[in-house]
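# Topology and contacts: notes
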Amino acid sequence: MIWDWGFALEILPVLARAAIISIEATLIGFALAASLGLVLAVVRIAVPWTSWTISVLVELIRSTPLLIQIFFLYFVFPKFGVVLDAFTAGVLAIGIHYAAYCSEVYRAGFDNIHRGQWEASIALNLSSWTTFRDIIIPQAIPPIVPALGNYLVALFKETPLLSAIAVMELMQTAKIIGSETFRYTEPITLVGLFFLAMSLVSAALIRSLEGLLNRRTTRSRNNRWSASTMYRNATAR
């Protein structure tokens, strides 16, 4: 038989438990990537003398395979006294790898902010932290949500690489089931369907978030325009 429904239903709970590991790795890895990428982008702009160093670091991370970085953290770091368990090393490698990509997305968002916003912050004697927190980041984030969402989906599809260091995520569990039962069709197909379903759900959520942020941005702009119009009308009288 090419497909055995009884066997597929039997292994489904096992794969569901392994899927939790994949989802945890995705959420933790993306939280690390988004936050670290933001820090790199902000420091790169706020502290100009670090720009070259951060640029080299970002290109180094983006130009080397993720699998090598996973192996490096798991097998090489212990040589320097830093011992990480497989899950931690894998998630850390994924987070750092995608932080390099996210930092470029943030930087593009910052570059799109009108120069007058920066000059006004300087004229008001605002600190760099206040400028980024209250003025730049709220304007830069909404347009780059789709790009960050794409990296979330891409990161999720990279989690099978954790099987290379024996993390019992979804793909590793499917391979073990296949090697024990000599049936690979059902577990591999179910894994593929799970990744497809989760990617579609993630894409839908990202589109919803993008629409929400766009509506909030539009309302904010309309409120500022209405307030300025009322002010001009009042002063004209």
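Structure's up top.
Presented here is an overview of the structure given in this document. (Residues numbered from 1 in each chain as written. Predicted model: local features only at pLDDT ≥ 70, side-chain atom pairs only at ≥ 80, totals over all residues. Heavy atoms only, no water.)

## Description of the overall build of the chain
- Within the chain, the secondary structure is distributed over eight helices and zero strands.
- Scanning the chain from its N terminus toward the C terminus, one meets helices and strands in the order α-α-α-α-α-α-α-α.
- Taken against the 2.2 N^0.38 rule, which gives 18 Å for 237 residues, the C-alpha radius of gyration of the chain at 23 Å runs more than 25% over that of a compact globule.
- C-alpha atoms of the chain, sized along the principal axes, occupy 85 × 45 × 20 Å.
- Expressed as a percentage of its 237 residues, the buried residues of the chain come to 37%.
- Within the chain, contacts between residues separated by at least 24 positions form 77% of all contacts whose residues are at least 6 apart in sequence.
- For the chain, the accessible surface area stands at approximately 14000 Å², while carbon and sulfur atoms represent 67% of it. (Helix = DSSP H or I, 4+ residues; strand = E, 2+ residues; numbered from the N terminus. Rg over C-alpha atoms; globule rule 2.2 N^0.38 Å. Buried < 20%, exposed > 50% of the residue type's maximum accessible area, 1.4 Å probe, protein only. Contact = heavy atoms within 4.5 Å. Areas by Shrake-Rupley, 256 points an atom, 1.4 Å probe, with all protein chains shown as cover.)

## A word on the environment of Tyr106
- By the element assignment, Tyr106 lies in helix H4 (residues 86–111).
- Counting along the chain gives 38 residues from Tyr106 to Ile144, while the straight-line C-alpha distance between them is 7.3 Å.
- Excluding its chain neighbours within four sequence positions, the residues that come into contact with Tyr106 are Ala34, Gly37, Leu38, Ala41, Ile141, Ile144 and Leu148.

## Section: the nonpolar core
- Tyr106, Phe110, Phe132, Ile136 and Leu148 are the most contacted members of the largest nonpolar core, which totals 39 residues.
- Those elements giving two or more residues to this core turn out to be helix H1 (5–46), helix H3 (66–76), H4, helix H6 (128–158) and helix H8 (185–236).
- Apart from residues lying up to four places away in sequence, Phe110 is in contact with Leu38, Ala41, Val42, Ile45, Trp118, Phe132, Ile136, Ile137 and Ala140.
- Ranked by size, the runner-up nonpolar core spans 13 residues in total, among them Ala8, Ala19, Ala174 and Leu190. (Core = buried A, V, L, I, M, F, W, Y, C linked by side-chain atoms within 4.5 Å.)

## Points about the environment of Ile177
- Within the fold, Ile177 resides in helix H7 (residues 170–181).
- Taking the C-alpha atoms as reference, Ile177 lies 7.1 Å from Pro187; in sequence the two are 10 residues apart.
- Apart from residues lying up to four places away in sequence, Ile177 is in contact with Phe7, Ile11, Val14, Leu15, Phe182, Arg183 and Pro187.

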